[in-house]
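Notes for the structure review
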Amino acid sequence: MRQFLVQLGVLVLLGGMGWSAWQWFGFLRPGQDFRALQSAGIVPLPILLERTIRPPKARWDAATQRLKAQLLEAAYRPLDPRAAGEAIVLNYHDVFPKRSAQNVWWDITPQEFEAQLAWLKSRGARFISLDELRRHLTQNTPLPKNAVALTFDDNHQGFYDHIYPILKREKIPAAMFVHTDFVGRKGPRARMDWATLRTLDREGLVTIGSHTVSHRDLTQLPLAEQRRELLESKWALERELGRPVSYIAYPEGKADAVTLKLAREAGYTMGFTIDWRLPGDSPDMLAVGRYVHTQMPRAWYTLNPQDRPQARTGIVERRLKEAPVRLEYRRDLGVRWALVRGGRAESRLSSYRESVRDFVEQAGAVAGINGTFFADPYLKAQDNTMVGPVVAAPRRYFIPERNPYVLYRIVERPLVAWNRERIVFVPLKFDMNRPDSIRRFMPDFTDLFVGGVWMVRGGKAVWPLKNPPSDHWEPRPRVFFGYAQGEPVLGASLQPVSTALLARMAAAAGVEEAVLLDSGYSTSLVYQGRLIAVGRRWEGVPSRPVPHAIVLHGALEQAQDPAATRRN
């Protein structure tokens, strides 16, 4: 049985590698295609992933299905949260000798391209290949400082005629993404033919990847059509180039959660959008951001905050200590607010919705605050579905985000995980919707949730905010959970504020890390059984019940006199 599974594993692995692997290992002669294998009852893995195709002689039991999933997972590596993505990826399209009325804004001339290279080199840029970028993003291998990757879409002949000589002269690697239906097309915007592409691939300076078959917006296509675009372009390139093709750039840079899932099933290991972001800030290895070349200065200043400040997010880990729980009333930037710090924090999830005071009493805690965002905002609803993955008492099992659209929308929001000894803040990635992914950087977490936005990082208010809730600018009662000097902290405004203003207030109070919690009607801060902050503007009106809360356990310290802690 063991020998059978080993042989089966080799066959499935070869199938996942593409047509060229079958030729390399002698299963196919040059010029043969998969029909020769099908006639023998052997079908490559990409075909098996296409649900509409059922090989007549293939019989897959449960063990085979598990093996197939393991082999596919082995080929794909998720983003490593330790990788800061210290690089920028630039995107180009067609190239013309001179500009004319027929050009569009994303075209470029050789003179403009060389000027961009000179600008980048003068600032210390080092050019890298896509393979180097992938190793950094998945394994945290080091990159040279100010790393830049160059990518070109649409297989234009102008690249080979005008840009490739420059790249060879300067020994700069690049990537070309090819839509296979257009290979060899003639006309004003001619495309390279297969012979030219094989030359590029053989010389090794240019990495060739897929740009689908027909360059249609994948997010607007039916499921079967998306699969066909992803698979057939990959197979055509592998057949013509004689090697596996693992990278893809989506037409118009558009891909949703379904597209990313299908791309992973098709065997791609890295995919590119045209979302203007650093690679390490991307939500997934199949949705790596790129900057259109006209945004090159913006990309550079994002990479180099000393030139134009803009914080880059990565994993933040802090040690925790237990200290007495105390309440402090403050006035910062003209706003009254309350801060509770100390004790041991615990995330709690109810089966329905309760007041924060109920959460505190049931947990035997001394203080608490309403938790993070939940799916149904209706005031009288009782549903407890949270936004993002969560681990909370009393059951403490991992509850993933089950809505792929919601997951796609909240990537880059702060995931907070902790135990008694340490706490971690990290931007949410797609792969963090599984507990094993979290355990890669925090094996022993006991509590976890996803905040609304990272407000304070490294003791400074974050601006601009990354992927905040749509109402972040609106003045309303707001709350946050954070960390300061080894202690968990709960903060709540006592009058309406925007998220940006609350972040500045927290930073002024010495808070080192802070994430936004659900606010407005949900706002509720409880200390020693008393409501300190509520979600309505008038005194005595309780906030709405919530499904999630964060409570503090520990000994109490008497609250300080508000006059003694007031800040102007």
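Residues numbered from 1 in each chain as written. Predicted model: local features only at pLDDT ≥ 70, side-chain atom pairs only at ≥ 80, totals over all residues. Heavy atoms only, no water.

The phi angle of most residues is negative, glycine excepted, and most peptide bonds adopt the trans form. With an omega of 5°, the peptide bond between Ala-393 and Pro-394 qualifies as cis. Its location among the elements puts Pro-394 in the loop between β13 (367–370) and α14 (404–410). Within the chain, His-215 stands out as a residue other than glycine whose phi angle is a positive 65°. Summarising the element assignment, His-215 is placed in the loop between β5 (206–210) and α10 (223–241). On the basis of relative accessible area, His-215 is assigned to the partly exposed category, the value being 24%. Of note in the backbone geometry, Leu-333 takes a positive phi value of approximately 55° without being a glycine. (Helix = DSSP H or I, 4+ residues; strand = E, 2+ residues; numbered from the N terminus. Buried < 20%, exposed > 50% of the residue type's maximum accessible area, 1.4 Å probe, protein only.)

Take the environment of Met-192 next. Structurally, the position occupied by Met-192 is in the loop between β4 (174–178) and α9 (194–203). Note on Met-192: relative accessible area 0%, which makes it buried. Taking the C-alpha atoms as reference, Met-192 lies 6.0 Å from Asn-155; in sequence the two are 37 residues apart. Beyond its immediate chain neighbours, meaning those up to four positions away, Met-192 contacts Asn-155, His-156, Gln-157, Phe-159, Tyr-160, Met-176, Val-183, Gly-184, Leu-197 and Leu-200. (Contact = heavy atoms within 4.5 Å.)

Let us look at α10. Over its 19 residues, α10 runs 27 Å from end to end, which matches the ideal 27 Å to within 8%, given 1.5 Å per residue. Those residues of α10 that fall on the buried side of the exposure criterion are Gln-226, Arg-227, Glu-229, Leu-230, Leu-231, Ser-233, Lys-234, Trp-235, Ala-236, Leu-237, Glu-238 and Leu-241. (Expected span 1.5 Å × (residues − 1).)

As a further point, take the packing of aromatic side chains. Describing an aromatic ring pair means giving the distance of the ring centres and the angle of the ring planes. Enumeration according to the criterion identifies 14 aromatic pairs in this entry. An aromatic cluster is built from Tyr-92, Phe-113, Phe-152, Phe-159, Tyr-160 and Tyr-164, whose rings are joined through pairwise contacts. Taking NZ or CZ as reference, Arg-123 lies 3.7 Å from the ring centre of Trp-119, over its face. Stacked on the ring of Trp-454, the Lys or Arg Arg-457 has its end atom at 5.3 Å from the ring centre. (Phe/Tyr/Trp six-rings, centres within 6.5 Å; stacked < 30°, edge-to-face > 60°. Lys NZ or Arg CZ within 6 Å of the ring centre and 35° of its normal.)

As far as function goes, none of this settles anything; it's purely spatial.
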